[in-house]
Amino acid sequence: MSTSSTLVETNDTIAKRWRRATEEPLWLRATLIGVALTFLALFLVLPLSVVLYGAFEQGLGVWYAAIRDPDAMAAIRLTLLIVVIVVPLNTLFGIAAAWAIAKFEFRGKPLLISLIDMPFAISPVVVGLIFVILFGSQGWLGPWLSSHDLRIIFAVPGIVIVIAFGTLPFIARELIPLMQQQGKEEEEASLTLGASGWKTFWYVTLPNIKWGLIYGIILCNARAMGEFGAVAVVSGRIRGETNTLPLHIEVLYNEYMFTAAFAVSSLLTGLALVTIAIKSLVEWHDERRQRLAAH
């Protein structure tokens, strides 16, 4: 037998042993997949099925009537208004914070990162309580606000503030590692060639971070629509005025209006499914782009 044949057989043997050492047995893979699918069925598919069944159990007319209820429409409008305000604000903040952290070195940088992560560490109910202590009628700034006829707690501004605080990290946290990985060589080259800071951001930085930015906006939007704990504390739960969709669903359920509660819940469920679909599309496109870049 020639030396080359011996080397080929040796390499094949090593490859087979490597596959046996790194691949899990078929029974183990099947068990893990079965456990994962069972978990998803019990904790994701089953609750969604219950919501959709309860929403349409009595027909499309009853579902439509629950959605067209004045209080439900007010909750929908308020939720959309908050999203329109909060998401652009957090987009601007996330881009600015990620740019500063990833591209520059300065004192207090670890503190800024910690402050961005703070909403992840504090309970939403505690967040609501903090802002009640700050802006409530008996709070630190309450007398001053009252003297200037300004109301934040039990009004739309308070809801906007707590949701903006709760969704603060999502866009920044998506962009910071992405910008750090990309470095700052391209921006420095653009500035060296005479481009302004704005043109550098618009034509160099933004194209490189656009998919991470879209992903962060999707997460921020989903959290803004579904926030409950902090909003429940600062809103006052005034029907037709300060009830967002999650609060309106709770009111309906507590009043034993189960079909209406499930009908309104189906709206949030639909928005969640659309959000997941868009998120998956963005991830697929980003992975495809990375594979093409690698080749």
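Here, the structure is the one placed above.
The structure contained in this document is the topic of the report that follows.

Conventions used here
Residues numbered from 1 in each chain as written. Predicted model: local features only at pLDDT ≥ 70, side-chain atom pairs only at ≥ 80, totals over all residues. Heavy atoms only, no water. Helix = DSSP H or I, 4+ residues; strand = E, 2+ residues; numbered from the N terminus. Rg over C-alpha atoms; globule rule 2.2 N^0.38 Å. Buried < 20%, exposed > 50% of the residue type's maximum accessible area, 1.4 Å probe, protein only. Lys, Arg positive; Asp, Glu negative; His and termini not counted. Charge placed at Lys NZ, Arg CZ, Asp CG, Glu CD. Core = buried A, V, L, I, M, F, W, Y, C linked by side-chain atoms within 4.5 Å. Contact = heavy atoms within 4.5 Å. 1 Å grid on protein atoms, 1.4 Å probe; cavity = no way out; pocket = protein on both sides within 12 Å on 5 of 7 lines; lining within 4 Å. Points joined across faces, edges and corners; volume = space filled by probe spheres on them. Phe/Tyr/Trp six-rings, centres within 6.5 Å; stacked < 30°, edge-to-face > 60°. Nonpolar A, V, L, I, M, F, W, Y, C, P; charged D, E, K, R; others polar.

This part is about the overall build of the protein chain. A count of helices and strands for the protein chain gives 14 helices and zero strands. Walking the protein chain from its N terminus toward its C terminus, one meets helices and strands in the order α-α-α-α-α-α-α-α-α-α-α-α-α-α. For a compact globule of 295 residues, the expected C-alpha radius of gyration is about 19 Å, and the protein chain comes in at 26 Å, more than 25% above that figure. Per-residue burial for the protein chain yields a buried fraction of 35% across its 295 residues. One finds the centroid of the 22 positive side-chain charges in the protein chain at a distance of 5 Å from the centroid of its 22 negative side-chain charges.

Counting residues in each nonpolar core, the largest one holds 40 residues, and the members touching the most others are Ile-82, Ile-159, Val-162, Ile-163 and Leu-175. The dominant element in this core, judged by the number of residues it contributes, is helix α4 (residues 70-103), at 10 residues. Once residues within four sequence positions are removed from consideration, Ile-159 is found in contact with Leu-78, Ile-82, Val-231, Val-234, Ser-235, Thr-242 and Thr-244. Core analysis: the second largest hydrophobic core is formed by 16 residues, Ala-66, Ile-249, Leu-252 and Val-264 among them.

With that settled, the discussion passes to unusual backbone geometry. Phi is positive for Asp-149, which is not a glycine, with a value near 55 degrees. Residue position: Asp-149 is located in the loop between α7 (142-147) and α8 (156-166). A positive phi is found at Phe-154, a non-glycine position, where the angle reads about 65 degrees.

Roughly 380 Å³ of volume is contained in the largest pocket. Residue lining of the largest pocket: 16 residues in total, with Leu-178, Gly-212, Asp-286, Arg-289 and Gln-290 positioned closest to the centre. Listing elements by their share of the lining of the largest pocket, those giving two or more residues are α9 (168-182), α11 (197-226) and α14 (258-294). Around the second largest pocket, the lining comprises 14 residues; the ones closest to its centre are Phe-135, Gly-136, Ser-137, Arg-151 and Ile-153. Counting residues per element, the lining of the second largest pocket draws most heavily on α7, at three residues.

To describe a pair of aromatic rings, one takes the distance between the centres and the angle between the planes. Overall, the coordinates contain 10 aromatic pairs when judged by the stated rule. Consider the rings of Phe-56 and Trp-63, whose centres lie 5.4 Å apart with planes at 25 degrees: the pair is stacked. For Phe-56, a relative accessible area of 38% translates into the label partly exposed. Note on Phe-131 and Phe-135: the rings are 6.1 Å apart at their centroids and 10 degrees apart in plane angle, and the pair reads as stacked. A residue pair is termed a helical-turn pair when its members lie 3 or 4 positions apart in one helix, as Phe-131 and Phe-135 do in helix α6 (residues 124-135) at four residues. Of the residues examined, Phe-131 reaches a relative accessible area of 14% and is grouped as buried. Given a relative accessible area of 18%, Phe-135 falls into the buried group. Of the aromatic side chains, those joined through ring pairs into one cluster are Trp-99, Trp-198, Phe-201 and Trp-202.

The next subject is empty space enclosed by the protein. Any empty space left between the atoms is revealed when a probe the size of a water molecule rolls over them. Going through the model one piece at a time under the given rule, you end up with two cavities of 30 Å³ or more. Of the pockets and cavities examined, the largest cavity occupies roughly 50 Å³. Around the largest cavity sit Pro-119, Ile-122, Pro-124, Val-127, Val-162, Phe-165, Gly-166, Arg-223, Glu-227 and Ala-230, which together line it. For the lining of the largest cavity, the elements supplying multiple residues, two or more each, are α6 and α8. For the lining of the largest cavity, the element with the highest residue contribution is α8, accounting for three residues. Looking at side-chain class alone, the lining of the largest cavity contains seven nonpolar, one polar and two charged residues. Taken as a whole, the second largest cavity holds about 30 Å³ of empty space. If you list the elements that add at least two residues to the lining of the second largest cavity, you get α4 and α11. Taken together, the residues of the lining of the second largest cavity break down into five nonpolar, two polar and one charged.

Structural measurements only, silent on function.
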